[in-house]
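Observations on the model geometry
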Amino acid sequence: MEQQTLSLKFEESIKLDDLKSCSFFREISIRCENFLKGNDHLAIFLGKEDIAKSFFFLAFYNYLNTKHKCIYFSLKKSIPSINLKVDEAEIIFMDGYNHLFNSEEGEKKLFNLFNLSKEKKIKVFFNNSLQGPQVIKLDDLKSRLSSSLQVDFPALSDNDKKIIVINFLKKRGLLMNEQSIDFILKRYSRNLNDLIELSIKLDEISLEQKKNITIPLIKEFTSL
């Protein structure tokens, strides 16, 4: 379940309140707030929990966009021509920034963005995508990114995954009770990608068969 499948309407609906019950929320929120108050100008979200990172990244952007002039780019969907009017922004969010790695033109754009944003005192948030390349060819860019604030997302608890799945489904107008989600967590997979993919497929099946998503339906579809 990669983020490019998420609709813009869904992205705009993600709020920080949706994630407040997650175990990582307080620590990550404090680090981001301190970054905004401090002297660093670039923070990079890292970690193996791609969906959780992306959810928080979008939620934090939606939160700050009500108070500041923010610009948001997602390079997970496509690689646009990046001609940033940095004078118009206070904070820049770039999701999947590492999709520009291994491209001479792309890495130069990131290098120029780093320098311009620092010169203009614009805060920048990057979100690393596990689906994108991780190796940088341009040494000057590598040194600048390595000097940035690294915000590492910890491994998720089962309760964190349940919270994210429930909110994901709710934002899409999909329904599944907690008993069904608990059953999937215990019997199917603890991987958040797998959980969300299965949840969407189960909802589609429930609509086709005109049945609620119940444990018997889950067993029938997954052969658990």
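To keep things clear, this report deals only with the structure shown in the data block. Since this is a predicted model, take the numbers as computed values, not measurements.

**Looking at the packing of helix 8 (residues 192-209) against helix 9 (residues 215-222)**
- Two numbers describe how helix 8 lies on helix 9: the axes approach to 11 Å, and their chain directions differ by 105 degrees. Classified by the interaxial angle, the pair formed by helix 8 and helix 9 is roughly perpendicular. The residues of helix 9 that touch helix 8, namely those facing Leu198, Lys201, Leu202, Ile205, Ser206 and Gln209, are Leu217, Ile218, Glu220, Phe221 and Thr222.
- Across the contact of helix 8 with helix 9, the residue classes break down as six nonpolar, three polar and two charged.

**What to know about the nonpolar core**
- The biggest cluster of nonpolar side chains holds 48 residues, and the ones touching the most others in it are Phe56, Phe93, Phe125 and Ile164.
- Of all the elements in the fold, those that place two or more residues in this core are helix 2 (25-37), strand 1 (42-46), helix 3 (50-64), strand 3 (91-95), strand 5 (149-152), helix 6 (158-171), helix 7 (178-187) and helix 8.
- Residue contributions to this core peak at ten residues, all from helix 3.
- Counting 22 residues, the second-largest nonpolar core is a separate cluster that includes Tyr97, Leu100, Ile122 and Val124.

**Topic: the sheet that holds strand 2 (residues 70-74)**
- One open sheet accounts for five strands, arranged 2-3-4-1-5; its pairing is parallel. At either end of the open sheet lies a strand with only one pairing partner, and these are strand 2 and strand 5. Going from strand to strand, the sheet's axes swing by 15 degrees on average, the running direction of each strand aside.
- Here strand 3 runs beside strand 4 (residues 123-127); their pairing, made up of five bridges, is parallel. Along strand 4, the bridge assignment pairs Asp95 with Asn127.
- In the packing of helix 2 onto the sheet, the strands contacted are strand 1, strand 3, strand 4 and strand 5, and the crossing angle to strand 5 comes to about 165 degrees.

**Overview of the pattern of salt bridges**
- Counted under the stated rule, the structure contains seven salt bridges.
- Between Asp17 and Lys20 there is a salt bridge; the shortest N-O distance is 3.1 Å.
- Lys20 sits in the exposed class, given a relative accessible area of 51%.
- Members of the salt-bridge network, linked through shared partners, are Lys162, Glu178 and Asp182.

**Focus on helix 9**
- Among the residues making up helix 9, those that are buried are Leu217, Ile218 and Thr222. The arc enclosing the buried residues of helix 9, seen along the axis, measures out at 115 degrees, which places them on a common side. Set apart from the buried face of helix 9 by more than 90 degrees, the exposed residues are Pro216 and Glu220.
- Where the residues of helix 9 are buried, they touch helix 7 and helix 8.

Criteria and thresholds
Residues numbered from 1 in each chain as written. Predicted model: local features only at pLDDT ≥ 70, side-chain atom pairs only at ≥ 80, totals over all residues. Heavy atoms only, no water. Axes fitted to C-alpha atoms, helices over the stretch in contact; angles between N-to-C directions. Helix = DSSP H or I, 4+ residues; strand = E, 2+ residues; numbered from the N terminus. Parallel < 35°, antiparallel > 145°, perpendicular 65-115°, else oblique. Contact = heavy atoms within 4.5 Å. Nonpolar A, V, L, I, M, F, W, Y, C, P; charged D, E, K, R; others polar. Core = buried A, V, L, I, M, F, W, Y, C linked by side-chain atoms within 4.5 Å. Buried < 20%, exposed > 50% of the residue type's maximum accessible area, 1.4 Å probe, protein only. Pairing = 2+ DSSP bridges. Salt bridge = Lys/Arg side-chain N within 4 Å of Asp/Glu carboxyl O. Arc of directions from axis to C-beta.

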